[in-house]
There are 2 protein chains.
Amino acid sequence: MLSNLSVNLEQNSYQIAIAPNVLSEIGNYLKSLNVGNKILVVSNAMIFDEYGETLINAIQAANFSVSHHILPAGERHKTLLSIQKLYDQALENHLERSSTFIALGGGVIGDMTGFAAATWLRGVNVIQIPTSLLAMVDASIGGKTGVNHPQGKNLIGAFHQPKLVLIDPQVLKTLPHREFRAGMAEVIKYGVIWDADLFQQLEAAERLDELEYLSVELLQNILTHSCQAKADVVSKDEKEGGLRAILNYGHTVGHAIESLTGYSLVNHGEAVAIGMSVAGKIAVKMGYWSEVESQRQDQLIIKTGLPTTVPPMLEIDDILETLKSDKKVKAGKVRFVLPQQIGSATVTDQVTPDIISAVIKTCQEKS
Amino acid sequence: MLSNLSVNLEQNSYQIAIAPNVLSEIGNYLKSLNVGNKILVVSNAMIFDEYGETLINAIQAANFSVSHHILPAGERHKTLLSIQKLYDQALENHLERSSTFIALGGGVIGDMTGFAAATWLRGVNVIQIPTSLLAMVDASIGGKTGVNHPQGKNLIGAFHQPKLVLIDPQVLKTLPHREFRAGMAEVIKYGVIWDADLFQQLEAAERLDELEYLSVELLQNILTHSCQAKADVVSKDEKEGGLRAILNYGHTVGHAIESLTGYSLVNHGEAVAIGMSVAGKIAVKMGYWSEVESQRQDQLIIKTGLPTTVPPMLEIDDILETLKSDKKVKAGKVRFVLPQQIGSATVTDQVTPDIISAVIKTCQEKS
């Protein structure tokens, strides 16, 4: 089973290949890319232990010169300091402008490797091999790269499109259940804002809360539809001028919840799930969306084992204050993505603090 | 006297305006650019003392909100650490994606401000207001940004085109003579590789070694022709895929000399002047260029008060070794830009170490 998608951009179009064991096929892909001989694989220790050997062997078998660099795992290491160590490694291995970084890992590895590739010698090639569901359906596609500033996530970064994205569904077997569900939040998002067919496939599944309940076909469909949705949107708006903003569905309130819970209690996918539930209810309240579809969304979120309620210890005023410092604020106005029907969404800056506040109250069970 | 040039790119085309007192006209330019209300001016203390007030007043008069950040002067501060302080300032001033950094200064300020703009919130606007001749005719145009790695100049960077370049010839009055001559090396370069008319205008001038000997018209012509040459080349090859490489004329050996003399004894323009003299003689030796034109070039370099000989303390083997680690090395081969006639040059990787070595010997007076 191989799905071949393409992200069509004015410059730098690229391919997304989704197939079991695609890692061991990397030699053929590398040869067709017309990149230089030197490759630097970037990963973390746990993932490299699991898949590093397969990947390195496949690269060497195709006669490329390969080295690797292990970054410490976790969001707190997503800093300029880690990037500086990556630069040192690139220098040590004499990487040239035609050389290629390969990111083997989740979103943190992908973002950091992408940023180092964007800024080393003013830009070298990068190939994304995401190993978490979240990275597969979201971060690995679209060219967003970055690291955190002490005062905010991803404030430092660049747009730098990968040369290739390789996705092997089988690597998800080693992914913790909670991280699988976090990725599913983004999958549900694509269903709501872009792909009604995907939404219905998810509704038709009996259980979605753990990977083992998904058939091989459903998993392949989930990956293919989600990547296609992201590729469609990115192709139409590479640098977030307009349409791409709809990908932030659920992320406005979601980011505030992540930030206010210290990026630990609630993970990204859980925060997005809550954010979608809130945004859905705002859309209903403002007449954009039907109550029925908003409830179908919430049922899907709950079936996936994700939360729909705002943690009780959060104060509404703090959430409103945090929304104002969101990266996507334009001329001081908070922008919300609101669904209009399943498979379609729009962006508005007309959501008032009063509406947000009223909806959050209904989404919060105070302890 | 106003020269209006444009850099035509697939995306992000922009204007270069060259005119006396253009700084005080910035309000009209800002209004036409459709950028957000927030501006951050980046400069160093000496330049900001001289021109900061004029610029800030003009920006405020046009009803933009402006703050400024002073970076320490000098190449040794062109580091990621300085960039981090710029990020902090951007955060403190709540810069948004539609906000604009303005670089007011020489190449170091321009490169750093450009890099910070390229990587803050994945890219905000930047306007270049170069105050050195070198920055006016070279660094401010073309979108190259960067900082130094402890082991090499500009190894960290990104391509990020400015929204606008404003050049006021009058600010050159406060430029030290040696820095003026350094800029003239790049002007001569454009004459040799691209613009025979510019070359002849330079030949026709009686003296070129200090700004005061240039007429207002000649200075305007030098700036206009040089910026046009850079704009032409960049328009045809935004990211250094091919043609743009000719801008490295004189820079291959030049960079090696700069590096081996610790970036202090010989400045960039002087190193480029020596590099052009060496490359010219290589071109003659390999049959690319005529002896007569190579000598005309050297006479122009000498008239400008720039050196043509390799410093006596440098060992040829060290130069050859340094050439191998040049950023533009491709598949291990050193690439040279060689003139074919005044106004035209080509790129080749066929220059052998033996030829380089033989030519450098003739360009070096051993002490």
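For clarity, every value in this text was computed on a predicted model and none was experimentally measured.

1. Topic: the environment of B:Thr309
Residue and element names in this part refer to chain B.
- Topologically, threonine 309 is positioned in the loop between helix H11 (291-303) and helix H12 (316-324).
- What makes threonine 309 partly exposed here is its relative accessible area of 32%.
- For threonine 309 and lysine 85, which are 224 residues apart along the polypeptide, the C-alpha to C-alpha distance reads 40 Å.
- Apart from the residues within four sequence positions on either side, threonine 309 is in contact with Ile274, Cys363 and Glu365.

2. Topic: the interface of chain B and chain A
- Taken together, the contact pairs 33 residues of chain B with 33 residues of chain A.
- A combined buried area of about 3000 Å² lies between chain B and chain A, and 52% of that area is made up of carbon and sulfur atoms.
- At the surface where chain B touches chain A, the tally comes to zero salt bridges.
- Linking chain B with chain A are eight residue pairs in polar contact (both at pLDDT 80 or more).
- Looking at the side of chain B that touches chain A, the elements with two or more residues in it are helix H3 (80-92), helix H4 (107-119), strand E7 (144-149) and strand E8 (152-159) of chain B.
- Residue composition of the side of chain B that touches chain A, grouped by class: 13 nonpolar, ten polar and ten charged.

3. Focus on the sheet that holds strand E6 (residues 125-130) of chain A
Residues and elements named next belong to chain A.
- In space, the seven strands of this open sheet follow the order E1-E2-E9-E6-E5-E3-E4, with mixed pairing throughout. The outermost strands of the open sheet, each flanked by one partner alone, are strand E1 (3-7) and strand E4 (65-71). Between one strand and the next, the sheet's axes are offset by a mean angle of 20°, whatever the strand orientation.
- Across six bridges, the pairing between strand E5 (residues 100-105) and E6 is parallel. Within the sheet, the bridge partner assigned to isoleucine 102 lies in E6 and is isoleucine 127.
- Contacts from helix H3 (residues 80-92) reach strand E3 (38-44), E4 and E5, with the element oriented near 160° to E4.
- Relative to E5, helix H4 (residues 107-119) is tilted by about 170°, and along the sheet it contacts E3, E4, E5 and E6.

4. Things to note about the UniProt feature "domain: 3-dehydroquinate synthase N-terminal" (unreviewed entry) in chain A
- Residues annotated by UniProt as "domain: 3-dehydroquinate synthase N-terminal" (unreviewed entry) correspond here to residues 70-181 of chain A.
- Summarising residues 70-181 of chain A: 34% helix, 29% strand, and an end-to-end C-alpha distance of 26 Å.

5. A look at the pairing of strand E5 (residues 100-105) of chain B
All names here are of chain B.
- Of all six residues that make up E5, six are buried, and the element is covered over most of its length.
- A two-sided burial pattern is seen for E5, the buried positions comprising Thr100, Ile102 and Leu104 on one face and Phe101, Ala103 and Gly105 on the other.
- As judged from the four bridges shared by strand E3 (residues 38-44) and E5, these two strands associate in the parallel manner. Note that in E5 the partner of valine 42 across the bridge is alanine 103.
- In this fold, the crossover linking E5 to strand E6 (residues 125-130) by way of H4 has right-handed handedness.

6. Concerning the relation of the copies chain B and chain A
- Each copy of the sequence occupies a distinct position, and chain B is placed on chain A by a rotation of 180° and an axial shift of 0.0 Å, giving an RMSD of 0.0 Å. Such a combination of turn and shift is consistent with a two-fold rotation axis.
- In this assembly the copies share their binding face: 100% of the residues contributing to the interface of chain B also contribute to that of chain A.

7. Digging into the UniProt feature "binding site: Zn(2+)" (unreviewed entry) in chain A
All names here are of chain A.
- Per the UniProt record, "binding site: Zn(2+)" (unreviewed entry) is found at Glu186, His251 and His268. For the residues just named, distributed over 83 residues, the greatest C-alpha separation is only 10.0 Å, placing them together at one site.
- Its place among the elements puts glutamate 186 in helix H6 (residues 177-193).
- Given the relative accessible area of 0%, glutamate 186 is considered buried.
- Once residues lying within four places of it in the same chain are set aside, the contact partners of glutamate 186 are Leu134, Val137, Asp138, His251, His268 and Val272.
- Following the sequence through the fold, histidine 268 ends up in helix H10 (residues 268-285).
- Once you skip the residues sitting within four places of it in the chain, histidine 268 turns out to touch Leu134, Glu186, His251, His255 and Glu258.

8. A word on the nonpolar core
Residue and element names in this part refer to chain A.
- In this structure, Ile16, Val41 and Ile59 are the most contacted members of the largest nonpolar core, which totals 104 residues.
- Top element by residues in this core is H10. It accounts for ten residues.
- Both of domain 1 (3-174) and domain 2 (177-362) provide at least three residues apiece to this core.
- The contacts of isoleucine 16, once residues within four sequence positions are left out, are Ser3, Asn4, Leu5, Val7, Ile141, Val165, Ile167, Cys227 and Ala231.

9. A short note on helix H9 (residues 251-260) of chain A
All names here are of chain A.
- Of all ten residues that make up H9, seven are buried, and the element is covered over most of its length.
- When H9 is considered as a whole, its buried residues turn out to be His251, Thr252, Val253, Gly254, Ala256, Ile257 and Glu258.
- On its buried side, H9 packs onto strand E8 (152-159), H6, H10, helix H12 (316-324) and strand E10 (336-341).

10. Section: the sheet that holds strand E2 (residues 14-18) of chain B
Residue and element names in this part refer to chain B.
- The mixed open sheet is built from seven strands, whose spatial order is E1-E2-E9-E6-E5-E3-E4. Each edge of the sheet is formed by a strand with only one pairing partner; in this case those strands are strand E1 (3-7) and strand E4 (65-71). Within the sheet, the average angular offset between the axes of one strand and its neighbour, ignoring direction, is 20°.
- By the bridge criterion, two bridges tie E6 to strand E9 (residues 164-167) in an arrangement that is parallel. Bridging across to E9, isoleucine 127 finds its partner in leucine 164.
- Packed on one face of the sheet, helix H2 (residues 45-61) meets E3, E4, E5 and E6 and runs near 160° to E3.

Procedures and definitions
- Residues numbered from 1 in each chain as written.
- Chains lettered and ligands numbered in written order.
- Predicted model: local features only at pLDDT ≥ 70, side-chain atom pairs only at ≥ 80, totals over all residues.
- Heavy atoms only, no water.
- Helix = DSSP H or I, 4+ residues; strand = E, 2+ residues; numbered from the N terminus.
- Buried < 20%, exposed > 50% of the residue type's maximum accessible area, 1.4 Å probe, protein only.
- Contact = heavy atoms within 4.5 Å.
- Buried area = accessible area lost by both parts, 1.4 Å probe.
- Salt bridge = Lys/Arg side-chain N within 4 Å of Asp/Glu carboxyl O.
- Polar contact = N/O pair within 3.5 Å; in protein donor to acceptor, adjacent residues only side chain to side chain.
- Nonpolar A, V, L, I, M, F, W, Y, C, P; charged D, E, K, R; others polar.
- Pairing = 2+ DSSP bridges.
- Axes fitted to C-alpha atoms, helices over the stretch in contact; angles between N-to-C directions.
- UniProt positions renumbered as here; feature names shortened; annotations may be inferred.
- Right-handed = clockwise from strand over helix to strand, strands pointing away.
- Least-squares fit on C-alpha atoms with pLDDT ≥ 70 in both.
- Core = buried A, V, L, I, M, F, W, Y, C linked by side-chain atoms within 4.5 Å.
- Domains from an automatic or database assignment.

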